[in-house]
Amino acid sequence: MNDRRAFLKKIGILGLSGMATSMVSNEQLHILETLNPDINPSNSFKLPNLPYAYNALEPFIDEQTMIIHHSKHHQAYVDKLNKAIEQVNEHFDLETAFKSISSMNISIRHNGGGHYNHSLFWQLMRSNPNSTENKSSGKLADAIIKDFATYDNFKKEFSEKASKIFGSGWCWLIKQQDGNLKITSTANQDNPLMDIAQDKGTPILALDIWEHAYYLKYQNKRADYIANWWNVVNWDKAEELFIKA
Ligand code: MN3
């Protein structure tokens, strides 16, 4: 019954947006729905479902942190973003908004970034309870070798950048306009798609460095959180983002 309702809802949305069913996977459709109010019948942003259970990232990221991070923190960004865009009548698309975010209401920058960054962050992780080796593969792996000499070098550089962020922020691997990869960081909920970002590019990896992302399990040991996060990086998703960028 639920499946049928969900299916009919999707068909309705596909009809509205004029997309062919074959062009959109279920996962992509869900993300489109949550990130774009234009194809979301309630005309507001929505909290996306996690693509796994709250305890799926154990033992590296604990269940309680995931519950609070997703259902409280991310939900709050969504709610505040919807409030911030109440005054905006025209077509509102987050990725477009980021290109001129410096001229917008600060609440759209904080909460639009918060919604976008977390939506990406959830997708860029996956379950790996047995801690099997988890490394980049495919074209992204080749690009990492080209730009950082070795995978271990890249991992070390990214971990150092993430551990040195002062206060709250995000660490990113981005693909720049020239096609090269770069490790960069942003403060608060800013991201590399925003006009105010020092290094601009398409996010390929995203790591939340806010204390709410790790404090329950790791307290002040941010380096341990970062070291364990590598176990749950979803390299298939990163490869997909890299190829699309
Ligand atoms: Mn967070």
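These numbers were taken from a predicted model, which means no experiment stands behind them.

Q: What's the story with the environment of Tyr 116 in this structure? I'm lost.
A: By the element assignment, Tyr 116 lies in helix H5 (residues 106–123). Counting along the chain gives 42 residues from Tyr 116 to His 74, while the straight-line C-alpha distance between them is 9.6 Å. Those residues in contact with Tyr 116 that lie beyond four places of it in its chain are Leu 35, Leu 94, Glu 95, Phe 98, Asn 191 and Leu 193.

Q: Looking at this structure, how should I read helix H9 (residues 222–229)?
A: Residues lying three or four places apart along an α-helix face the same way, a consequence of the helix completing one turn every 3.6 residues. All buried positions along H9 are accounted for by Arg 222, Tyr 225, Ile 226 and Trp 229. The buried residues of H9 occupy an angular sector of 95° when projected down its axis, which confines them to one face.

Q: Hey, could you run me through the coordination of the manganese ion in this one?
A: Ideal donor angles around a metal are set by the shape: a four-donor tetrahedron calls for 109.5 degrees, a six-donor octahedron for 90 or 180 degrees. Looking at the manganese ion, one finds its protein donor set to be His 69 (NE2), His 118 (NE2), Asp 208 (OD) and His 212 (NE2), positioned 2.0 to 2.2 Å from the metal centre. Along the chain, the residues that donate to the manganese ion are spaced as H-x48-H-x89-D-x3-H. Linking His 118 in helix H5 with His 212 in the loop between strand E3 (202–208) and helix H8 (215–218), this pair joins segments that are 94 residues apart in sequence. Taken as a pair, His 118 and His 212 share a single burial class, namely buried.

Q: I keep staring at the pattern of salt bridges and nothing clicks. Help me out?
A: Side chains that carry opposite charge are capable of pairing whenever their charged atoms lie near each other. Taken as a whole, this structure holds seven salt bridges when the rule is applied. A salt bridge links Asp 190 to Arg 109, with the nearest nitrogen and oxygen atoms 2.9 Å apart. Highlighted residues: Asp 190 in the loop between strand E2 (181–187) and E3 and Arg 109 in helix H5, separated in sequence by 81 residues. Relative accessible area serves as the criterion here: at 7%, Asp 190 is assigned to the buried category. Taking the shortest distance from any N to any O, the salt bridge between Lys 237 and Glu 240 comes out at 3.1 Å. You can see Lys 237 and its partner Glu 240 sitting in helix H10 (residues 235–244), three residues apart, about one turn around the helix. Here Lys 237 falls in the buried class, since its relative accessible area comes to 8%. Its relative accessible area of 29% is what places Glu 240 among the partly exposed residues. Salt bridges here are not isolated pairs; linked through shared partners, they connect Lys 237, Glu 240 and Lys 244.

Q: What am I meant to see in a nonpolar patch on the surface here?
A: A surface patch of nonpolar side chains, amounting to about 220 Å² of accessible area, comprises Ile 67, Ile 68 and Leu 216. Of note, Leu 216 is situated in helix H8. By relative accessible area, which is 48% here, Leu 216 ends up partly exposed.

Q: What is the right way to look at the packing of aromatic side chains in this model?
A: The description of an aromatic ring pair rests on the distance of the ring centres and on the angle between the ring planes. Evaluation of the coordinates by the stated rule reveals 16 aromatic pairs. Aromatic pair Phe 121 and Trp 122: ring centres 5.5 Å apart, planes at 45°, arrangement tilted. The class of Phe 121 is buried, set by a relative accessible area of 2%. Judged by its relative accessible area of 1%, Trp 122 is buried. Ring pairing ties together the aromatic residues Phe 148, Tyr 151, Phe 154, Phe 158, Trp 229, Trp 230 and Trp 235, which thus form one cluster. Lying over the aromatic face of Tyr 218, Lys 217 brings its terminal NZ or CZ to 5.7 Å of the ring centre.

Rules behind the numbers
Residues numbered from 1 in each chain as written. Predicted model: local features only at pLDDT ≥ 70, side-chain atom pairs only at ≥ 80, totals over all residues. Heavy atoms only, no water. Helix = DSSP H or I, 4+ residues; strand = E, 2+ residues; numbered from the N terminus. Contact = heavy atoms within 4.5 Å. Buried < 20%, exposed > 50% of the residue type's maximum accessible area, 1.4 Å probe, protein only. Arc of directions from axis to C-beta. Donors = N, O, S within 2.8 Å, 3.2 Å for Na, K, Ca; no water. Salt bridge = Lys/Arg side-chain N within 4 Å of Asp/Glu carboxyl O. Patch = residues over 30% accessible without salt bridge, like charges linked within 9 Å, V, L, I, M, F, W, Y side chains within 5 Å. Areas by Shrake-Rupley, 256 points an atom, 1.4 Å probe, with all protein chains shown as cover. Phe/Tyr/Trp six-rings, centres within 6.5 Å; stacked < 30°, edge-to-face > 60°. Lys NZ or Arg CZ within 6 Å of the ring centre and 35° of its normal.

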